[in-house]
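# Overview (structure and organization)
As a plain string of letters, each chain reads:
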Amino acid sequence: MRLTAFTDVSLRLVMRLAVAGEGELLTTRAVAEMTSVPYTHMAKAVARLSDLGLVEARRGRGGGLRLSERGRRASVGSIVREPEGGGDLAGCEDDPPCPLRAACRLRGALHRAREAFHASLDEVSVESLVASEEVFGPDLWQGTD
Ligand code: SF4
């Protein structure tokens, strides 16, 4: 099991914005470069998280991105759950579908495992990910000066 690239980019975005200085606004391009993500991927993550109210985007000259209070308090689970989706983990309904699916217990076990994964991340907030300046301060990020 592995996070989709979109989910990972979204998490890099909120973590970087979470360690921004007071009043610091970052452009999408700057965050993309700091997190080693293609600009177009970062722009998609910015658009989605803005729609969710987790990131605030100020347009125009001197504008940029910052994490909203809601974004700071958001759980990692709330960011991860939807883009990761609830589809098959094992391709039960692929074409052709798995012949074992009518009576398969593994399918249910995999579903419960995913729910447990998400529930665990529901307990982790964005701000808690960057709570320690020692291990996750602005110096960690390239190009922050
Ligand atoms: S064995 Fe079970 S979990 Fe695997 S594809 Fe078939 S129905 Fe799905």
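Residues numbered from 1 in each chain as written. Predicted model: local features only at pLDDT ≥ 70, side-chain atom pairs only at ≥ 80, totals over all residues.

### Focus: the overall build of the protein chain
Looking only at helices and strands, one finds eight helices and two strands in the protein chain. Mapped in sequence order, the helices and strands of the protein chain form the string α-α-α-β-β-α-α-α-α-α. (Helix = DSSP H or I, 4+ residues; strand = E, 2+ residues; numbered from the N terminus.)

### So, the packing of helix H1 (residues 5-18) against helix H5 (residues 76-84)
One can describe the packing of H1 onto H5 by two numbers: an axis separation of 9 Å at closest approach and a directional angle of 155 degrees. Between H1 and H5, the angle is such that the two are roughly antiparallel. For H1 against H5, the interelement crossing comes out right-handed. Contact with H1, carried on its side by Phe 6, Thr 7, Ser 10, Leu 11 and Val 14, involves Val 76, Ile 79, Val 80, Pro 83 and Glu 84 of H5 and no other residues of that element. (Axes fitted to C-alpha atoms, helices over the stretch in contact; angles between N-to-C directions. Parallel < 35°, antiparallel > 145°, perpendicular 65-115°, else oblique. Left-handed = near helix turned anticlockwise from the far one by under 90°. Contact = placed C-beta atoms within 7 Å.)

### Overview of the domain arrangement of the protein chain
Here the domain parsing of the protein chain yields domain 1 (1-74 + 125-145) and domain 2 (87-124). Each of domain 1 and domain 2 was reduced to a C-alpha centroid, and the two centroids are 31 Å apart. (Domains from an automatic or database assignment.)

### Overview of the site of the ligand
For the ligand, the full set of nearby residues is Ala 90, Gly 91, Cys 92, Cys 98, Leu 100, Arg 101, Cys 104, Leu 106, Arg 107 and Leu 110. Among the residues forming the shell around the ligand, the class breakdown is seven nonpolar, one polar and two charged. (Near = placed C-beta within 6 Å. Nonpolar A, V, L, I, M, F, W, Y, C, P; charged D, E, K, R; others polar.)

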